[in-house]
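What the coordinates show
As a plain string of letters, each chain reads:
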Amino acid sequence: MTQVDVQSNNSREPTTQNSMELSEELPVTTNPKTLKKLTLVPLIFLIYFEVAGGPFGEEPAVQAAGPLLALIGFLVFPFIWSIPEALVTAELSTAFPGNGGFVVWAERAFGSFLGSMMGSWKFLSGVINIASFPVLCIDYLQKIIPALDSGWPRYISIFISTLLLSFLNFTGLTIVGWAAVLLGVVSLSPFIVMSAIAIPKIHPHRWLSLGKKKKDWNLYFNTLFWNLNFWDNVSTLAGEVDKPQKTFPLALLVAVIFTCIAYLIPLFAVTAAVTVDQSEWETGFHATAAEMIAGKWLKIWIEVGAVLSSIGLFEAQLSSCAFQLEGMADIGLLPKFFSLRSKWFNTPWVGILISTLISLGVSYMTFTDIISSANLLYSFGMLLEFASFIWLRRKLPELKRPYRVPLRIPGLVAMCLIPSAFLVVIMVFATKMVYLVCGLMTVGAVGWYFLMKFCRQKKLFKFNSAENEDDCGAVGWYFLMKFCRQKKLFKFNSAENEERFDQ
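Residues numbered from 1 in each chain as written. Predicted model: local features only at pLDDT ≥ 70, side-chain atom pairs only at ≥ 80, totals over all residues. Heavy atoms only, no water.

1. Let's talk about the overall build of the protein chain
Here is the rule: The way it works is that DSSP assigns letters per residue, a run of H or I at least four long becomes a helix, a run of E at least two long becomes a strand, and they are numbered from the N terminus. Residue exposure (1.4 Å probe, protein chains only): buried if accessible area is under 20% of the type maximum, exposed if over 50%, otherwise partly exposed. Here the open area of atoms and residues is found with the Shrake-Rupley method and a 1.4 Å probe, where only the protein chains shown may cover a residue.
Assigned secondary structure in the protein chain consists of 17 helices and two strands. Out of the 503 residues in the protein chain, the part that is buried amounts to 56%. Looking at the protein chain as shown, the accessible area adds up to about 21,700 Å², and 67% of this sits on carbon and sulfur atoms.

2. Re the packing of helix α7 (residues 173-198) against helix α11 (residues 296-330)
Applicable threshold: With axes taken as lines fitted to C-alpha atoms, and helix axes fitted only over the stretch in contact, angles between N-to-C directions fall between 0 and 180 degrees. Any angle that is under 35 degrees is reported as roughly parallel, and any over 145 degrees as roughly antiparallel; angles of 65 to 115 degrees are reported as roughly perpendicular and all others as oblique. The hand of a helix crossing depends on one turn: near helix anticlockwise from the far one by less than a right angle means left-handed, and clockwise means right-handed. In what follows, residue pairs with any heavy atoms lying within 4.5 Å of each other are defined as contacts.
Orientation of α7 relative to α11, taken along the N-to-C sense of each, is 150°, at an axis distance of 9 Å. In terms of their interaxial angle, α7 and α11 are classed as roughly antiparallel. As α7 runs across α11, the sense of the crossing is left-handed. In this structure, α7 contributes Leu 173, Val 176, Leu 183, Val 186, Ser 187, Ser 189, Pro 190, Phe 191, Val 193, Met 194 and Ile 197 to the contact, and α11 contributes Trp 297, Leu 298, Trp 301, Ile 302, Gly 305, Leu 308, Ser 309, Ile 311, Gly 312, Glu 315, Ser 319 and Phe 323.

3. Examining unusual backbone geometry
Phi is positive for Lys 243, close to 50°, though the residue is something other than glycine. Its identity as a non-glycine residue notwithstanding, Lys 459 has a phi of 55°, on the positive side. Checked against the element boundaries, Lys 459 lands in the loop between α15 (432-457) and α16 (471-486).

4. As for helix α14 (residues 409-428)
The following threshold applies: Here the expected length of a helix is defined as 1.5 Å per residue gap, with one fewer gap than residues. Fitting one axis to the seven residues ending at a residue and another to the seven starting there, the bend at that residue is the angle between the two axes.
A rise of 1.5 Å per residue sets the reference length of α14, with its 20 residues, at 28 Å; its end C-alpha atoms lie 28 Å apart and thus fit the reference within 8%. Most pronounced at Leu 417, the bend in α14 amounts to some 30°, and the proline Pro 419 follows within four residues.

5. A look at the nonpolar core
When a protein is soluble and globular, its nonpolar side chains tend to lie buried together. Test applied: As used here, the term nonpolar core means buried Ala, Val, Leu, Ile, Met, Phe, Trp, Tyr and Cys residues forming a set that is joined through side-chain atoms within 4.5 Å.
Core analysis: the largest hydrophobic core is formed by 136 residues, its most contacted members being Trp 81 and Phe 389. Setting aside chain neighbours within four positions, we find Phe 389 in contact with Val 88, Glu 91, Leu 92, Val 405, Leu 412, Met 415 and Cys 416.

6. So, the environment of Leu 318
The residue Leu 318 is located in helix α11 in this model. For Leu 318, a relative accessible area of 0% puts it in the buried group. In this structure, the C-alpha to C-alpha distance between Leu 318 and Gly 126, residues 192 residues apart in sequence, is 7.8 Å. Excluding its chain neighbours within four sequence positions, the residues that come into contact with Leu 318 are Ile 130, Ser 166, Asn 169, Ile 352, Ser 355 and Thr 356.

7. Observations regarding the packing of aromatic side chains
Heads up, the condition is: Two rings from Phe, Tyr or Trp (for Trp, the six-membered ring) form a pair when their centres sit within 6.5 Å of each other. Planes less than 30 degrees apart are called stacked, planes more than 60 degrees apart edge-to-face, and all others tilted.
A full pass over the atoms with the stated rule returns 30 aromatic pairs. For the ring pair Trp 217 and Tyr 220, a centre distance of 5.7 Å and an interplane angle of 80° mean the geometry is edge-to-face. One end of the pair, Trp 217, and the other, Tyr 220, are both in helix α8 (residues 217-228), three residues apart, so they sit about a helical turn from each other. Centre to centre, the rings of Phe 337 and Phe 461 are 5.7 Å apart; their planes meet at 65°, and the pair counts as edge-to-face. Of the two residues, Phe 337 sits in the loop between α11 and α12 (349-362) while Phe 461 sits in the loop between α15 and α16, which places them 124 residues apart along the sequence. Owing to a relative accessible area of 34%, Phe 337 belongs among the partly exposed residues under this scheme.

As structure tokens, then:
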């Protein structure tokens, strides 16, 4: 057995628990007022829209590195990144089945400071990512309406579309979930038709082309990362899911397979069926390729599908951001009013409003700058998430995990090292502007934590109890002392119970 500190509603006492008792003692943030829960099929499509929403946006990978490397990227990257992230999400979402997701994991592992940093990084990356979808939508519409290419017509269109889509999110997660099913089917239909028509025109040797221009590795890696990440975003909705311990692992498995197929089939078809200058493979090129393969009717169909896909992407990720703020309020990292819900639709209206306002603030950035900034902030959060995953296995080995990744800690470390190395690559290829934006946001996140701590101490707002506020310092001090002992920087007495303490 392992001795852990578990806080009940009234007191915090160290107790020795078996796995079932420990799981029950650790608080979650499920919402008992939610009458209609998300079921398997809507959850699959919400995950799909959290991550992809269709092949829209994959085209810059070809522009950056040519057809061969683009195909290899979308074939290999799911094994490097998507599957490990989905496995982490499946285990921790079933162990902590409540709203807040990755914020709860970091807070349980390392305390309130790193929990707050995780929340800030993931929330900011999420709302920045949300801002990209109206931009992507307008990029497709401008092919039909050229006036939307620049200037005030473009800015006004982005502003109005963001507000309308945000209002739709107020209607409730159940409606958003089933809307995602409909939007997914309709937006993918033209790609199925295009791929089928393209079969007689396919020349397989074109798949082997490396392109004729210098490789843009920043664009290439960011495009892959942006199109295949955010698997853990759905964890912030765990409190709204019906039987999350059973539903989450299956939904993630189906969503990973479905998403990869949705990217690869059109990419294989178009790269081998059309011959154009590599520079033309910009965002929205699939619509142009559809016209070349089948005619203008299919181009219009894909452009309509792109708009519908953008709606699904926006709704799914706005829901995650809003419920994340509610989960952070539930564990005391934000004031209680962040968890307020609409009386009409039972939706977290404060989270929706704040997420919308911030996404509007960054929507003026270019598409490439948007995804690069979102990716860098997300990378910070994912490194912390992998660390939380491994540390929770060590810190709470007896915690009930309805789904458990079938690896011991050394295997888990190896599983997380490969995607972590890719995160470092993403950081290396970021631009100076992205470093500046994300650096300022990180400094702001640190300041936000201490501001919330000050507000709690001065009782300026009402907070739920912050259970692990001091754990971060204890964990950091422990590892510092362990490092000093291993490197013999100071003299220590023998640590007889070190292994037991580690657990």
